Each structure stands twice: as C-alpha cells, then as structure tokens.
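# Observations on the three-dimensional arrangement
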Amino acid sequence: MSKIKLALVQMKGFSDKDKTIEKMKKKVAEAAASGADIIVLPEMWNCPYGTKFFRDYGEYENDSKSIKELSALAKEFGVYLFGGTISELDEDKVYNTCYVFDRQGEIIGKHRKHHLFDVDIKGKMRFKESDVLSPGEDLTVVNTEFGKIGVAVCYDVRFAGDFNKMTKEMGALAFIVPAAFNTTTGPRFWQIIMQGRAVDNQSFIIACAPALDDNAPYDAYGHSCVVSPWGEIIKMAEYEETIVTAEIDLSEVMEARTQIPILNPTSL
Ligand SMILES: O=C(O)CCC(=O)C(=O)O
C-alpha cells in the first residue's frame, strides 16, 4: 500500500484556546471528509506564536485537552493525525511537541522540536525560542501502514544532516513538518528548503503551516506544501486558510533513489 491521501489544515487560531480547539475539530472533520489517510496540523496551532505565550498555553501530556481531542478525532475518522505542535509542559520545562496518532487514536510518536529558532536578522527580526523552550533530544521516525515517516518541526527542516540520518539510518520515506515560517524568512527560504530536503533525501516533504492572521502577533507565511522526491511542488497554498489535499505514491521514492543513487553511491 503505497498511495496516501493527504490533507494539510492551514488554519489560524484565536487567543482563546478552547475556541481554537473547537475550530480545529471542525477543520479536521472537513479534512477527513476529503477521504484523507493522513491529516496534518500546523506548528503551535492552539497558541499565538511568541515566546511569551508558550508557557501559559502549555499542557502536561497526562492532562492535555488538546491531546485528548486529537486522539478522539483520529479514532472517530480512522485517520493518522500528525497533530501539528502544542506547547508541552514537563516538570519545569516547555517543549514544542508534535504528537502523532494512528487510526485508533493511539500515540505512535512524539517529536520535540530539536533545533530552537534563535535568530537575529539585522533590522528585520529577532526571535529567541530558547528563552522559554527546551530543545528535544531525539530525531523521530514513526511507523505507519505506508512505511516510515520522519517528523521535524519548522526550523528543524534547515538541518540537512538530521534529515539525511533519518533517511539513511532510520528508513524515512517521507517527512511531515509542522511549521510556522514568517513573512521575513518565508519568501526567501521556505520553498527552496522544502525542495532541498526533498531532493537531497529523495523523499516526499509534507509541510503544514498556519495561515497569515492580521490579528496575530506573528506574521505566519502559510504556504503549506507537498513536494515530491524529484523536488516538484505537487501543491502549495498561499497565505489564507485552506485545506491542501494531495495524493502521493511512496513507490516514487524508491524509483527516484534507484534512478539517481545518491543515497547509496557504491551501488553503481
Ligand atoms: O527557519 C526559519 O526561517 C523559520 C523558522 C521558524 O519560524 C520556527 O522554527 O518557528
């Protein structure tokens, strides 16, 4: 079984988390109605994007309304749900965490953002996630009925070596990237990075981002996308709310890797 129907929920939230959770439920129902096997949400979908919000919006895993709702949705619609990210509290630490649910609503993976977005772009933008967030330690590849899928969160996508390790050592055939690029770095880097990771791993890249929201403190770039192992943009959204659907065939990964054997160069 190599064909997968995808639905990426490019949404914006409210400052009221409960209201955002209700909206997310409607969007996931809409995505499921498209026949999706895998539904993906954006980075920090239930929290305004900013270091001053992360702790307040955080949830402990064993008492998390967001996780309960995501699990129930995965089960109700019988889909894999890559639950974007939420702010995860663990003792005194805060992580930016993606939970992955199978068709029964069980958690099959959890990825804590590994590389924190600490940048100082002169005259344009300063962001220091490490003021509040702690970095995750691990790379994450989950097992699905379709094959192995790597998970990375936003800035993680810039680290080509990690992706290469997930491909070569951990068997990833596709990557799901909940992200929230911004209108400063997005226009310059988003597409080229997504195509870069697709081409250098000969894998599908599936990236889901929040929609741009004039009322939010952070200017999200949107542009959720699906890129093929050949680097083709199969689908890419613009800035507005939308659900990006696409059907991909994982057999293309092995075709690309066989025809251009960069991952196993001694095989020729
Ligand atoms: O890498 C970038 O340019 C943006 C990353 C980002 O916005 C994030 O990690 O939240």
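Residues numbered from 1 in each chain as written. Predicted model: local features only at pLDDT ≥ 70, side-chain atom pairs only at ≥ 80, totals over all residues. Heavy atoms only, no water.

- The name an unreviewed UniProt entry assigns to the protein chain is Carbon-nitrogen hydrolase family protein, from the organism Gallibacter intestinalis.

### Topic: the overall build of the protein chain
- A tally of regular secondary structure across the protein chain gives six helices and 16 strands.
- Taken over C-alpha atoms, the radius of gyration comes to 17 Å for the protein chain, in line with the 18 Å a tight globule of 268 residues would show.
- Along the first, second and third principal axes, the C-alpha set of the protein chain runs to 55 × 45 × 35 Å.
- Residues classed as buried in the protein chain amount to 56% of the 268 residues present.
- Sequence separation of 24 or more characterises 68% of the internal contacts of the protein chain that already satisfy a separation of 6 or more.
- Accessible area for the protein chain stands at about 11,700 Å²; split by element, carbon and sulfur atoms hold 47% of it. (Helix = DSSP H or I, 4+ residues; strand = E, 2+ residues; numbered from the N terminus. Rg over C-alpha atoms; globule rule 2.2 N^0.38 Å. Buried < 20%, exposed > 50% of the residue type's maximum accessible area, 1.4 Å probe, protein only. Contact = heavy atoms within 4.5 Å. Areas by Shrake-Rupley, 256 points an atom, 1.4 Å probe, with all protein chains shown as cover.)

### Some words on helix H1 (residues 17–33)
- Relative to the 24 Å expected for 17 residues at 1.5 Å per residue, H1 spans 24 Å between its end C-alpha atoms, a close match to the ideal helical length.
- Among all positions in H1, only Lys 17, Thr 20, Ile 21, Lys 23, Met 24, Lys 27, Val 28, Ala 31 and Ala 32 are buried.
- On its buried face, H1 is in contact with strand E1 (3–10), strand E2 (38–40), strand E3 (59–60), helix H3 (65–77) and strand E16 (242–249).
- By the N-cap criterion, in which a side-chain oxygen at the helix start approaches the backbone nitrogen of a residue two or three places on, H1 is capped by Asp 16, the distance to Asp 18 being 3.0 Å. (Expected span 1.5 Å × (residues − 1). Polar contact = N/O pair within 3.5 Å; in protein donor to acceptor, adjacent residues only side chain to side chain.)

### A short note on the environment of Phe 181
- For Phe 181, the location among the structural elements is in the loop between strand E12 (174–178) and helix H5 (186–201).
- Along the primary structure Phe 181 and Lys 165 are separated by 16 residues, whereas in three dimensions their C-alpha atoms are 23 Å apart.
- What Phe 181 contacts, discounting residues up to four positions off in sequence, is Cys 154, Val 157, Arg 158, Gly 186, Phe 189, Trp 190, Ile 193, Tyr 218, Asp 219, Ala 220 and Tyr 221.

### What about the layout of surface pockets?
- In this structure, the largest pocket occupies an estimated 400 Å³ of space.
- Residue lining of the largest pocket: 25 residues in total, with Gly 13, Cys 47, Pro 48, Asp 213 and Ala 216 positioned closest to the centre.
- Of the voids in this model, the second largest pocket is the one considered here, and its volume is about 150 Å³.
- Lining the second largest pocket, in full, are Tyr 49, Gly 50, Thr 51, Met 125, Arg 126, Phe 127, Lys 128, Asn 182, Pro 217, Tyr 218 and Asp 219.
- At four residues, strand E9 (residues 125–128) tops the list of elements feeding residues into the lining of the second largest pocket. (1 Å grid on protein atoms, 1.4 Å probe; cavity = no way out; pocket = protein on both sides within 12 Å on 5 of 7 lines; lining within 4 Å. Points joined across faces, edges and corners; volume = space filled by probe spheres on them.)

### Re the site of the ligand
- The environment of the ligand is made up of 13 residues, and the closest members are Tyr 49, Lys 113, Cys 154, Arg 158 and Thr 185.
- Contact between the ligand and Arg 158: an oxygen atom at 2.6 Å from a side-chain N or O atom of the residue.
- Computed on the free molecule, the ligand has an accessible area of 290 Å², of which 100% lies beneath the protein chains in the complex.
- When atom positions are compared with the pocket grids, the ligand is found to occupy the largest cavity.
- Of the residues assigned to the shell around the ligand, the class counts are seven nonpolar, two polar and four charged. (Near = heavy atom within 4 Å. Sits in = over half its atoms within 2 Å of the grid points. Nonpolar A, V, L, I, M, F, W, Y, C, P; charged D, E, K, R; others polar.)

### Here we look at empty space enclosed by the protein
- Here the structure, examined in full by the defined rule, presents two cavities of 30 Å³ or more.
- Volume-wise, the largest cavity comes out at about 50 Å³.
- Around the largest cavity, the lining residues are Phe 117, Cys 154, Tyr 155, Arg 158, Ala 180, Phe 181, Asn 182, Thr 185 and Tyr 218.
- Taken together, the residues of the lining of the largest cavity sort by class into six nonpolar, two polar and one charged.
- Space inside the second largest cavity adds up to approximately 30 Å³.
- In terms of lining residues, the second largest cavity is bounded by His 111, His 114, Leu 139, Val 151, Ala 152, Asp 156, Asp 162, Phe 163 and Met 166.
- Among the elements that make up the lining of the second largest cavity, the one with the highest residue count is helix H4 (residues 160–168) (three residues).
- A breakdown of the residues in the lining of the second largest cavity according to their chemical character gives five nonpolar, two polar and two charged.

### Some points on the sheet that holds strand E13 (residues 204–208)
- If you trace the six strands from one edge of the open sheet to the other, you get E10-E11-E12-E13-E14-E15, paired in mixed fashion. The open sheet is flanked by strand E10 (140–144) and strand E15 (233–236), the only strands paired with a single partner. Mean inter-strand twist for the sheet, computed between neighbouring axes without regard to direction, equals 15 degrees.
- Taken together, the three bridges between E13 and strand E14 (residues 225–227) define a ladder with antiparallel strand orientation. If you follow Ala 207 over to E14, its bridge partner there is Cys 225.
- Most of the contacts of H4 go to E12, to which it runs at about 140 degrees, and overall it touches E10, strand E11 (147–151), E12 and E13. (Pairing = 2+ DSSP bridges. Axes fitted to C-alpha atoms, helices over the stretch in contact; angles between N-to-C directions.)

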